[in-house]
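What follows is the residue order along each chain.
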Amino acid sequence: MKSNQNILCVLYDDPVDGMPLSYPRDSLPEVSCYPDGQTLPTPDNIDFTPGQLLGSVSGGLGLKDFLERSGHRFIVTSDKDGPDSVFEKQLPEADVVISQPFWPAYLTRERIRKSPNLKLAITAGIGSDHVDLQAAMEHGITVCEVTFSNSIGVAEHAVMMILNMVRDFIPQHEYAKNGGWNIADCVKRSYDIEGMHVGCLAAGRIGLAVLQRMKPFAVHLHYCERHRLPKEVEDELGLTFHESAESLAKACDVLSIHCPLMPETEHLLNDRLIGAMKRGSYIVNTARGKICESETIARALASGQLAGYAGDVWFPQPAPENHPWRTMPNNAMTPHTSGTSLAGQARYAAGTREILECWFADKPIRSEYLIVEKGKLAGTGARSYTAGNTTSGVL
Ligand code: NDP
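My aim in this report is to walk through the structure given alongside it, one point at a time. Predicted model only: the values in this text are computed from it and were never measured.

### Topic: the nonpolar core
Then, in step 1: If you look at the biggest cluster of nonpolar residues, it comprises 57 residues, and the most contacted ones within it are Leu61, Ile98, Leu107 and Leu356.
Then, in step 2: Among the elements that line this core, the one with the most residues is helix α14 (residues 342-360), at nine residues.
Then, in step 3: When neighbours within four sequence positions are excluded, isoleucine 98 is seen to be in contact with Ile7, Leu8, Cys9, Val10, Leu61, Leu63, Ile122, Ala124, Thr352 and Leu356.
Then, in step 4: Among the nonpolar cores identified, the runner-up in size contains 36 residues, and Tyr34, Ala155, Met161 and Ile206 belong to it.

### A look at the environment of serine 27
Then, in step 1: As for its placement among the helices and strands, serine 27 is situated in the loop between β1 (6-10) and α1 (64-69).
Then, in step 2: Judged by relative accessible area, which is 48%, serine 27 ranks as partly exposed.
Then, in step 3: The spacing of serine 27 and valine 159 is 132 residues in sequence and 24 Å in space, taken between C-alpha atoms.

### So, the pairing of strand β9 (residues 254-257)
Then, in step 1: Where burial is concerned, the two faces of β9 agree: the one with Val254 and Ser256 and the one with Leu255 and Ile257 are both buried.
Then, in step 2: Relative to β9, strand β6 (residues 197-201) is paired through four bridges, and the arrangement is parallel. Bridging across to β9, valine 198 finds its partner in valine 254.
Then, in step 3: Alignment of β9 against strand β10 (residues 281-285), held across four bridges, turns out to be parallel. Bridging from a neighbouring strand, serine 256 pairs with valine 284 of β10.

### Overview of the site of the ligand
Then, in step 1: Near the ligand you find 28 residues, and of these Arg205, Ile206, Glu225, Arg226 and His227 are the closest.
Then, in step 2: For the ligand, an oxygen atom lies 2.4 Å from a polar atom in the side chain of histidine 227.
Then, in step 3: The fraction of the free accessible surface of the ligand (920 Å²) that becomes covered by protein chains is 94%.
Then, in step 4: For the shell around the ligand, the elements supplying multiple residues, two or more each, are α5 (151-167), α8 (205-214) and α15 (379-384).
Then, in step 5: Across the shell around the ligand, the residue classes tally to 11 nonpolar, 11 polar and six charged.

### Focus on the sheet that holds strand β7 (residues 220-224)
Each strand in a sheet pairs with its neighbour through backbone hydrogen bonds, running either in the same direction (parallel) or in the opposite one (antiparallel).
Then, in step 1: As summarised here, the arrangement of the seven strands in space is β8-β7-β6-β9-β10-β11-β12, forming an open sheet in which the pairing is parallel. At either end of the open sheet lies a strand with only one pairing partner, and these are β8 (239-242) and β12 (331-333). Direction aside, neighbouring strands of the sheet carry axes that sit 15° apart on average.
Then, in step 2: Sheet analysis places β6 next to β7, joined by five bridges and oriented parallel. The residue bridging leucine 201 from the neighbouring strand is cysteine 224, located in β7.

Analysis parameters
Residues numbered from 1 in each chain as written. Predicted model: local features only at pLDDT ≥ 70, side-chain atom pairs only at ≥ 80, totals over all residues. Heavy atoms only, no water. Core = buried A, V, L, I, M, F, W, Y, C linked by side-chain atoms within 4.5 Å. Buried < 20%, exposed > 50% of the residue type's maximum accessible area, 1.4 Å probe, protein only. Helix = DSSP H or I, 4+ residues; strand = E, 2+ residues; numbered from the N terminus. Contact = heavy atoms within 4.5 Å. Pairing = 2+ DSSP bridges. Near = heavy atom within 4 Å. Polar contact = N/O pair within 3.5 Å; in protein donor to acceptor, adjacent residues only side chain to side chain. Areas by Shrake-Rupley, 256 points an atom, 1.4 Å probe, with all protein chains shown as cover. Nonpolar A, V, L, I, M, F, W, Y, C, P; charged D, E, K, R; others polar. Axes fitted to C-alpha atoms, helices over the stretch in contact; angles between N-to-C directions.

Printed below as a string of structure tokens:
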């Protein structure tokens, strides 16, 4: 049993007008299990109301009462970057670090070196690329994430972005909002998705859910994966499998990216790959910003090689005000939000609590949640990640 632990938690800021006093809906829909049969998080208890804001500092992932009751010290901050940040100052004392990909506390090798007590890094969400996994393995740090917690939400967001861009929704909404009725302006870049070739780079939990959700739109579906999907799934969805990202990119009008950020996927979408796509292709990226070369994307939009780029992931995060993706033409970018809907927050907050309960009680953490354990990739990490580091360029 572990006691008197220092839990250092980095969360995004509260809303500028303070925490909501009410919410648009009174409850969240019931979801009994994830599509592959994996059970939802099973903590012994929760101390929060699902559907309320949990991912910001005051929400504290609903962990405060539980941790303080159990005698641990819980430090929550949004101040995460630079040597004078609260995060960096508290790290030397931290036993556990919790962070969300939306507002990542980058755990670089240098920071890990400064954290002699650190034994557990939890990603409240999915995607642990903000941790130098190589350094975590070398320092015996366990890395976990709450696998599947927000995958379906991200898939919904990707589908929304595909439709949004191909139909060119955002400018049309702007005309309506601003009192206009400029039909010709509205439709001069607007297409139907029907009949287009739509592909997913990776068909794991999110990518497969995107392919399933796109099928009713009468499109041709493609994918590229390290482990090919079962033939029944390919047949049911009418999928064309591609051995390489390049073959996939050449075939598609719309490419949606769903692989993890790892050394071999960093800057995978570079000049060569985007140059190989059809003129006027669209890219959706809800995976990680660093999978794409940022200047290449901006140039391809300016030249018309890409007709649109949508996504919610950037590098670094938060993105600087002058990041080229904020102002490049025909973009449909949002801050990193797709995985942190109120429903997503409830699930990954419960999953974080489950991981902590196991950790304190010296019980095994489910293998679905493990990325690194005992000095090597483990569980989901062993299947879907590769060793190495993708944090270079932060801070
Ligand atoms: P999964 O692990 O289920 O899927 C990832 C898939 O990528 C796996 O099937 C893996 O294959 C495959 N893969 C790995 N490398 C390659 C490659 N080089 N080419 C093709 N396929 C590859 O994870 P999820 O679907 O749940 O999440 C995917 C990513 O989405 C996360 O890693 C994260 O970065 C991002 N994400 C973003 C969120 C957001 O809010 N925007 C929220 C949640 C996740 P295999 O396992 O067969 O080796």
